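The residues making up each chain are set out below.
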Amino acid sequence: WGRSSLPFPSEAMDSGIVEVDVGGVIYRTTAATLRSNSLFFESLLSERIPSIRDREGRFFIDRDSAVFAHLLQYMRSGELFIPRADTLLRAQILTEARFFLIESLVSEIEAQIEAELAPPADEPDELLLHGFYVLDDGDEDANTVAYRFSGGDDAKMTEARGRNAKEMLMLMHKLAKMPESWRASREIAESYADFYSRCIRRGRYELDGSTITIRTDMRAIDHYGVLYNSQTLMVSSTKGASAVWRKFSFVPFEKANPFGLPVPIGAAPARAVQQEAGAAGPGPAGPAGPEPAPQ
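Residues numbered from 1 in each chain as written. Predicted model: local features only at pLDDT ≥ 70, side-chain atom pairs only at ≥ 80, totals over all residues. Heavy atoms only, no water.

Asker: I tried to follow the nonpolar core on my own but got confused; where do I start?
Answerer: The nonpolar side chains of a soluble globular protein tend to be buried, and buried together. Core analysis: the largest hydrophobic core is formed by 29 residues, its most contacted members being Val 20, Phe 41, Phe 68, Ile 93 and Leu 105. Where this core is concerned, the elements lending two or more residues are strand E1 (17–22), helix H2 (31–37), helix H3 (39–45), strand E3 (59–61), helix H4 (65–77), helix H5 (87–99) and helix H6 (103–117). Per element, the largest residue contribution to this core is 6 residues, and it comes from H4. Ignoring sequence-local partners within four residues, the contact set of Ile 93 consists of Val 67, His 70, Leu 71, Leu 80, Ile 82, Leu 105 and Ile 109. Listed in part, the 17 residues of the second largest apolar core include Leu 127, Tyr 147, Tyr 205 and Leu 233. (Core = buried A, V, L, I, M, F, W, Y, C linked by side-chain atoms within 4.5 Å. Buried < 20%, exposed > 50% of the residue type's maximum accessible area, 1.4 Å probe, protein only. Helix = DSSP H or I, 4+ residues; strand = E, 2+ residues; numbered from the N terminus. Contact = heavy atoms within 4.5 Å.)

Asker: What should I look at first to understand the sheet that holds strand E6 (residues 156–161) in this one?
Answerer: Two strands in a sheet stick together by hydrogen bonds in their backbones, pointing the same way (parallel) or opposite ways (antiparallel). Pairing in this closed barrel of 8 strands is antiparallel, and the strands run E4-E5-E6-E7-E8-E9-E10-E11 around the ring. Pairwise comparison of adjacent strand axes, ignoring direction, gives a mean angle of 30° for this sheet. The pairing of E6 with strand E7 (residues 200–208) spans 5 bridges and is classified as antiparallel. Looking at E7, one finds that Lys 156 is bridged to Arg 204. (Pairing = 2+ DSSP bridges. Axes fitted to C-alpha atoms, helices over the stretch in contact; angles between N-to-C directions.)

Asker: Looking at this structure, how should I read the side chain of Ser 249?
Answerer: Tracing the chain through its elements places Ser 249 in strand E11 (residues 246–252). A residue is classified by how much of its surface remains accessible, and Ser 249, at 15% relative accessible area, is buried. Within the structure, Ser 249 has its side chain in polar contact with the side chain of Asp 136 (distance 2.9 Å). Apart from residues lying up to four places away in sequence, Ser 249 is in contact with Phe 132, Tyr 133, Val 134, Asp 136 and Gln 231. (Polar contact = N/O pair within 3.5 Å; in protein donor to acceptor, adjacent residues only side chain to side chain.)

Asker: Looking at this model, I keep getting lost on the packing of H4 against H5. Mind explaining?
Answerer: For any two helices packed against each other, one specifies the crossing angle of their axes together with the interaxial distance. Taken N-terminus to C-terminus, the directions of H4 and H5 make an angle of 75°; their axes are 9 Å apart at the nearest point. In terms of their interaxial angle, H4 and H5 are classed as roughly perpendicular. Contacts from Val 67, His 70 and Leu 71 in H4 reach Leu 89, Gln 92, Ile 93, Glu 96 and Ala 97 in H5. Taken together, the residues of the contact of H4 with H5 break down into 5 nonpolar, 2 polar and 1 charged. (Parallel < 35°, antiparallel > 145°, perpendicular 65-115°, else oblique. Nonpolar A, V, L, I, M, F, W, Y, C, P; charged D, E, K, R; others polar.)

Asker: Help me out: how do you make sense of the side chain of Ser 65 in this one?
Answerer: Mapped onto the secondary structure, Ser 65 falls in helix H4. Residues contacting Ser 65, with those up to four places away along its chain left out, are Val 22, Gly 23, Val 25 and Tyr 27.

Asker: Please explain the sheet that holds E3 as it appears in this structure.
Answerer: Spatial ordering of the open sheet is given by E2-E1-E3, a layout of 3 strands whose pairing is mixed. Unpaired on one side and paired on the other, strand E2 (25–30) and E3 mark the two borders of the sheet. In this sheet, adjacent strand axes meet at a mean angle of 30° when their direction is disregarded. Against the sheet, H4 touches E1 and E2, its axis set at about 10° to E2.

See the structure below:
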């Protein structure tokens, strides 16, 4: 052992077969493979740096032999084949690639690590359509305004105002499942029609990234919104520094009405349970008369 005085054939250094002893394991490859990827081996084979030989005259390099197998594979093919989830092995390969001055592999691994550590790219939050956004800003009358949006090219919007605004938008969603007895009663139908005329406004909206412009058919003034995230919509009637933003939280229809049935205006939740279980009489009573919606 120790520094060898044995000559190393110059032709092998240039293009022939080379055997190197890495941590006690012999690897056989070509000088061209080692030279083309590693500044370390370029300098070693050119005898520009001191070297140590084993008893057979091979270059001895006191490094991790198992990890070197991956480096040699990369130098041969230009590809590194390791499980993406094996971050420990990747770190070991990076350490050895730095030692052997394989700059292309070092850059590739460092770029991969940087990409994994980088925060996800900002993507516009989606406006959710399978429920409604209900006023939730801590006021006592927290359910006085609610919005429901429909997607597609139409970009339609429904706005409900009044004490039962949330229930009304949920009812519109479940209207197709309304019991026949409700639809057959003129009194009940007129009661709902009156409530719709007082509380329901229809309109359109435009979504640009996370900002939304809301225009109802019955108002000339637009409302402006910002999607803080998909679950939270902030709405103001003005823009700029004077804007007063109100928080609207998203409520999925299935959570608003777990029984899958419309909730009559003024009816207790237990009423819906009775209808679902079939324990009610021939048909539910109509909704109580609507109260004027606050404007």
